[in-house]
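Working through the structure, step by step
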Amino acid sequence: MITFIVSIVALIAGFLIYGKFVEKFFGANDANPTPALKVNNGVDYVPMPTWKVFTIEFLNIAGLGPIFGAVLGAKYGPSAYIWIVLGCIFMGAVHDYFSGMLSVRNNGASIPEIVGKYLGPGFQNFMRLFSLLLLIFVGVAFVSGPAGLLSTLTQGGLKVWLYVIFAYYLVATLLPINKIIGRIYPLFGAALLIMAVGIAGAMILLGLSGDLMMHEIGLDSFKNWHHQPTENILFPMMFIVISCGALSGFHSTQAPMMARCIKKERHGRHVFYGAMIAEGIVAIIWATAAMNFFGGAEGLNDTMQAEGHNAAWVVNEISRSWLGTVGAVFAIIGVIACPITTGDTAFRSARLTIADVLKLDQSNIKKRLWVSLPLFAIGFALSQMEFEEIWKFLGLSNQVLAVIVLWTGAMYLAKNGRKHWMLSLPGAFMTVVCASYLLVAPHENGGLNLDTFLGNGLAIFLGVGSLFLFIFKTRKIRH
């Protein structure tokens, strides 16, 4: 229990202390008018209360990521605690804050346009295509799962539910952000937080009563507990599996939507840095629950392997056991509603990205429809793929996007005469992680399956090399 409580306290302290430092270092200034006030077109640029913007941002970036990702990450053992806590405070929350605030400073621009401004047209064009593909795949991934579950629960046809969810996606994408997203999503965001708090409370009470043995981090904890350790290498694969809750490039595609809705720059710490910290807390809760409900990481692995269960089953089992009927209701909300709400904002971000690239005015609904229909046609076609195949694409590409955004933030700092280490060091580290994955992961997971020592050595060389290249480039800027 000590490990769990210390992790939660560390995340909260990270928001209060390091988050404040990041805000001051960035130079947030309420004297600068935000895009919501400068543009305010009643569709995508709409000033909203900070609490509402926070809950929408939290739901947009979270969905089921900090739940399913944490459960799957818990299979690697207590090392997940270290990555979630340190990754969230010093990488993920900083990444999200700079994604949002750079958009605020650039009139609500989408992330490819921000990347282009600071890293050049080559990266900009790559990011336009790459982020667009990622957003479509996220939307598809988060429609296939709920549609499949709804089909099972109602004994209805899968395609019927796909049509229903895609129809909702289209409506939510076209309508002004304050009509559906601004009204409903805060409720779902609150439900996700309430669910996590309920699980945490039940876990603590059971631990205090002696009905639940809560394992602590010890010297013997830092090994790979996964039941397939050769195919699922602790480094780098845990850093890819646990993205939401620690660091996720997808968040940078969502931040500009809320950058168009905050009223003051100082609200950015609560909305962007704070939402990521909240997601980290949710991830810690579910990683801890998954490990301890089954008697440790080894028990979690044995149960999931022997009985062929997935993360959704784990979440449902824990919720029903610890929270009863209420837990079952929240589990259904989590497994069905939360991914749908993440999926529709992914398509909305895709629409905004295309509009930014083509300089299309989005105040007219016909123009929004013109951009959206091809996106949904592609998305529906991709939804016929197996969910596992879609998810494989998302894992690595998500963290590659994070790498590019971290280097973008570092370049922003360098170009403004500030120390860049806050972002360049995480950028170099994640360059190593992504390169390592590409080199050592098994072929079925998209890697080259090289010898671990050789692959990780090459990855470190690439990561260190990228840092030195960045330093060289920034010195030329100063001179």
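The structure contained in this document is the topic of the report that follows. All residue numbers refer to positions counted from 1 along the written sequence of the respective chain. Local features in a predicted model are, by the rule used here, given only for residues with pLDDT of at least 70; side-chain atom pairs are given and counted only at 80 or more, and totals for whole chains, interfaces and linings are based on all residues. Processing note: side-chain calculations cover all non-hydrogen atoms of the structure and skip hydrogens and water entirely.

1. Focus: the environment of K419
Per the convention used, a helix needs a DSSP run of H or I reaching at least four residues, while a strand needs a run of E reaching at least two, with both numbered from the N terminus. Relative to the elements of secondary structure, K419 occurs in the loop between α16 (387-415) and α17 (421-440). On the basis of relative accessible area, K419 is assigned to the exposed category, the value being 59%. Residues K419 and G65, spaced 354 residues apart in sequence, show a C-alpha to C-alpha distance of 32 Å. Contact definition: two residues touch when any of their heavy atoms are within 4.5 Å. Beyond its immediate chain neighbours, meaning those up to four positions away, K419 contacts F25 and L413. Partly exposed describes any residue whose relative accessible area lies between the buried limit of under 20% and the exposed limit of over 50%, with all areas from a 1.4 Å probe on protein chains only and scaled to the type maximum.

2. Topic: the nonpolar core
Counting residues in hydrophobic clusters, the biggest one holds 153 residues, and the most contacted among them are F98, Y273 and W286. Broken down by element, the residue count for this core peaks at 17 residues, all from helix α12 (residues 268-293). Ignoring sequence-local partners within four residues, the contact set of F98 consists of V22, F26, G409, Y412, L413, M422 and L423. Residues enter a nonpolar core if they are buried and are Ala, Val, Leu, Ile, Met, Phe, Trp, Tyr or Cys, with the set joined through side-chain atoms within 4.5 Å. Among the nonpolar cores identified, the runner-up in size contains six residues, and I233, V432, L439 and A459 belong to it.

3. Considering the packing of aromatic side chains
Two aromatic rings, drawn from Phe, Tyr or Trp (for Trp, its six-membered ring), form a pair once their centres lie within 6.5 Å of each other, and the interplanar angle then sorts them: stacked below 30 degrees, edge-to-face above 60, tilted otherwise. Applying the stated criterion across every chain, the model contains 28 aromatic pairs. Between Y163 and F380, the aromatic rings sit 5.1 Å apart at their centres with planes inclined by 15°, giving stacked as the arrangement. Within this pair, whereas Y163 is found in helix α8 (residues 158-174), its partner F380 is found in helix α15 (residues 365-382), the two being separated by 217 residues in sequence. On the basis of relative accessible area, Y163 is assigned to the exposed category, the value being 51%. Look at F293 and F294: their rings are 4.9 Å apart centre to centre, the planes differ by 75°, and that puts the pair in the edge-to-face class. Residue F293 is classed as partly exposed on the basis of its relative accessible area, which comes to 23%. For F294, a relative accessible area of 17% translates into the label buried. Both a distance and an angle decide whether a charge sits over a ring: NZ of Lys or CZ of Arg must be within 6 Å of the ring centre and within 35 degrees of the ring normal. Residue placement shows K223 over the ring face of W225; its charged tip is 4.3 Å from the ring centre.

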